[in-house]
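Summary of the model geometry
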Number of protein chains: 2
Amino acid sequence: MQPAGGSKRVTITDVARSADVSTSAVSKVLRNAYGVSPAMRERVQTAMAELGYRPHAAARGMRGRTYTIGVLLASIRNAFYADLLDGVNAALRNTEYALFMGSSGSSEMEDQTKLIHAMVDRQMDGLILIAPAVPRAEVMGIAAEVPTVVIGHHDPSPAYDCVVNQDGTGVDLVVDHLVGLGHRDIAHVSHPTVRGSQWEQRPEHHVRAAYREAMARHGLTDLARVVHSGYSDEGGYRGAMELLTSARPPTAIFAGADVAATGVFRAAAELGLRIPGDLSLAGYNNTSVAALAPVSLTSVDQAGAMMGETAARLLLERIEKRRDRAVVTASTPHLVTRSSTAPPGA
Amino acid sequence: MQPAGGSKRVTITDVARSADVSTSAVSKVLRNAYGVSPAMRERVQTAMAELGYRPHAAARGMRGRTYTIGVLLASIRNAFYADLLDGVNAALRNTEYALFMGSSGSSEMEDQTKLIHAMVDRQMDGLILIAPAVPRAEVMGIAAEVPTVVIGHHDPSPAYDCVVNQDGTGVDLVVDHLVGLGHRDIAHVSHPTVRGSQWEQRPEHHVRAAYREAMARHGLTDLARVVHSGYSDEGGYRGAMELLTSARPPTAIFAGADVAATGVFRAAAELGLRIPGDLSLAGYNNTSVAALAPVSLTSVDQAGAMMGETAARLLLERIEKRRDRAVVTASTPHLVTRSSTAPPGA
DNA sequence: CTCCTTTCGTATAACGTTGCACGAAGGGAT
DNA sequence: ATCCCTTCGTGCAACGTTATACGAAAGGAG
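What counts, and where the lines are drawn
Residues numbered from 1 in each chain as written. Chains lettered and ligands numbered in written order. Predicted model: local features only at pLDDT ≥ 70, side-chain atom pairs only at ≥ 80, totals over all residues. Heavy atoms only, no water. Contact = heavy atoms within 4.5 Å. Buried area = accessible area lost by both parts, 1.4 Å probe. Salt bridge = Lys/Arg side-chain N within 4 Å of Asp/Glu carboxyl O. Polar contact = N/O pair within 3.5 Å; in protein donor to acceptor, adjacent residues only side chain to side chain. Helix = DSSP H or I, 4+ residues; strand = E, 2+ residues; numbered from the N terminus. Nonpolar A, V, L, I, M, F, W, Y, C, P; charged D, E, K, R; others polar. Domains from an automatic or database assignment. Buried < 20%, exposed > 50% of the residue type's maximum accessible area, 1.4 Å probe, protein only. Arc of directions from axis to C-beta. Near = heavy atom within 4 Å. Pairing = 2+ DSSP bridges. Axes fitted to C-alpha atoms, helices over the stretch in contact; angles between N-to-C directions.

Named according to an unreviewed UniProt entry, chain A is LacI family transcriptional regulator originating from Streptomyces flaveus.

A closer look at the interface of chain A and chain B
Each partner contributes to the interface: chain A provides 53 residues, whereas chain B provides 53 residues. Between chain A and chain B lies a buried interface of about 4,300 Å² when both sides are counted; carbon and sulfur atoms form 58% of it. Of all residues in chain A, Phe100(A), Met101(A) and Arg122(A) bury the most surface against chain B, accounting for 16% of the area lost on that side. The interface formed by chain A and chain B contains ten salt bridges. In this structure, the salt-bridge partner of Arg9(B) is Asp121(A), at a minimum N-O distance of 2.8 Å. At the boundary of chain A and chain B, one finds 25 residue pairs in polar contact (both at pLDDT 80 or more). Looking at the side of chain A that touches chain B, the elements with two or more residues in it are helix H4 (57-63), strand S1 (68-73), helix H5 (79-92), strand S2 (98-103), helix H6 (109-121) and helix H11 (258-270) of chain A. With eight residues, the top contributor of residues to the side of chain A that touches chain B is H6(A). Class assignment of the residues belonging to the side of chain A that touches chain B gives a composition of 27 nonpolar, 13 polar and 13 charged.

What about the domain arrangement of chain A?
What the domain assignment lists for chain A is domain 1 (12-55) and domain 2 (167-303). Here domain 1 of chain A and domain 2 of chain A have C-alpha centroids that lie 59 Å from each other.

Brief notes about helix H1 (residues 12-19) of chain A
Residues and elements named next belong to chain A. For H1, the full list of buried residues reads Val 15, Ala 16 and Ala 19. When H1 is viewed along its axis, its buried side chains cluster within an angular range of 100° and face the same direction. Residue Asp 20 follows H1 closely and has a positive phi angle near 60°.

Structural notes on the protein's contact with DNA strand C
Around DNA strand C, the surrounding shell holds 25 residues, and the nearest of these are Ile12(A), Tyr53(A), Ser22(B), Ser37(B) and Arg63(B). Of what DNA strand C places within 4 Å of the protein, 58% of the atoms are sugar or phosphate. In the environment of DNA strand C, a base nitrogen lies 2.7 Å from a nitrogen or oxygen atom belonging to the side chain of Arg63(B). Breaking the surface near DNA strand C down by element, the ones donating at least two residues are helix H2 (23-31) and H4 of chain A together with helix H2 (23-31) and helix H4 (57-63) of chain B. In terms of residue class, the surface near DNA strand C is built from twelve nonpolar, eight polar and five charged.

Things to note about the sheet that holds strand S9 (residues 280-282) of chain A
Residues and elements named next belong to chain A. With respect to topology, four strands assemble into an open sheet ordered S7-S6-S8-S9, the strand pairing being parallel. The sheet is open, and its two edges are formed by strand S7 (225-227) and S9, each paired on a single side. With direction set aside, neighbouring strand axes in the sheet form an average angle of 20°. Relative to S7, strand S6 (residues 186-189) is paired through three bridges, and the arrangement is parallel.

Next comes the structure, spelled out in structure tokens:
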């Protein structure tokens, strides 16, 4: 406990002086290195506690680890990411590592690149990139320097680990559910393909393909319709408007993200359509918004916390060199049925 | 020069060699220091661009700035914080500073303290603490070491700058609005007082006091009722349940946070009460949730982005030593009326 | 043509930590 | 006693950057 005034930080040298040993000895204790007698360990630890010593991460960074992990978030507003983060936090709870997130606010490629560089420049030990918008080649370059886990994209690489969801299964659950309720005209609101991103397997691609397949499986190929208005409130609104004012409005809409589903709600309200009476609506991700009483949106749960925990675990394995081969883990989604879906015309 | 595996980073030395000058010269260019001829600046900058040089933040941290700003977030789920962050990001956009957030997930005091220490240990240049749960003395200690801005708490200090909202005004807007609609029995859902936090002026205190005053101003002192069930979905639910199943259920509820209002929605739905028919509901913060079509919650807008921008600006002033006296800025809220409030019995 | 300023570039010592290389005890085996 | 291991502690050279001190030109005033 140091008086705050203009006092200097407690350094390893102060500890060494106080414990009457060399700085190397203190460093050894700090690192659990070989060649420390119990007696010395004891003395050093006492001194550290007495002085309130905390290692200087920047200095550590110059030589090795900074014990810092960075998470790139496309948007802080997507509640699903919060679930992921809870998982990451949980996995890191009892380690020495600190977690810092960077969010560009916008999901612009340029901003994200700057953020990732900022993380690398600060010598972070590992990176978790959530659905990065930067080119795949860039990520592979980064991953060659720093252990990296990519969450969301289904493009594996020997350079980084992947944590994804079995999106195909999730889509099947939704379509089967809606068909089971009696719907046939089921439209899908998707995200536009980002040009030049080099990611072939973004979640929206998987979801889109799985949607078409599921429709085909039910003999509804001709009724399958996709609008690419985007995963955002505004995108959901525009997509729904287009669909619902078309010559043949669908009886059900499957939005590829909950956040887009909220836009569909808005469009339906404006058009005087009641949900689920006139239109059934399903989302994806089961974010906390879906669970809100006035929303009560049927959605696919991806167990975000579990994915986050897995990502953190994989990252630590890599950082601590307990594994050197890349890995892909895919978790199983399940459907949460709420009151936004019902038989058509109910 | 380097085999693919362990390619080294480009350092100031590489740039110096390539431009055929000393490292000091490169450093000078980097820092815009005095004593650099246009010719040399030109050559160095060309070399930097050619080699793709990026300064090593950890090394910088050992001597001075790290060009890193840390934001402490109590919870990543509160959409109001996202508004604040947008503002902070905007203010930092064209500076050299990178922004990293730390969120404990839980708002436990201990976790937050660890996070703040992690930021200080990483030599961050400035800290923005959003409604910190750690003891005030602790924050004052930190602020003596690192420039700090506190958002939310109305307890100013010479050690740090404060960015707050005129919460009293916001509350007046809500109560006046509800009274204007004809409500008299207006209850308030608040947050429990945190023991030992030493913050006397948390926003919920201001809001609570202002609520009582506003009720008194309308001659409704006896009808004023506060439950301290907490600013969370669950807290809103419990508080509303208590109020709505009491002997004299209120006709309107003013929730101190939008996130608590969503819990009130849930309670009302369970009790078969319609909003706004049977119960008017107002929130605080005007988060994006309030704007969702199925929610459409009347709420007080605090202009979060502006507050965030102000906080960042104040912080930069302090970091760059353009100001040394602490400052408090309070912005004016306004009411956003939506469809969750209506005359009683409408 | 001195002498005195500027101007501009370089040498160098930190900053706090790590990890290798080294050495001094102490303990067995011969 | 000699030699060789362990075990355990220390010395020291990095790591990439900043900032101070200093020297070498070049320019100006007398």
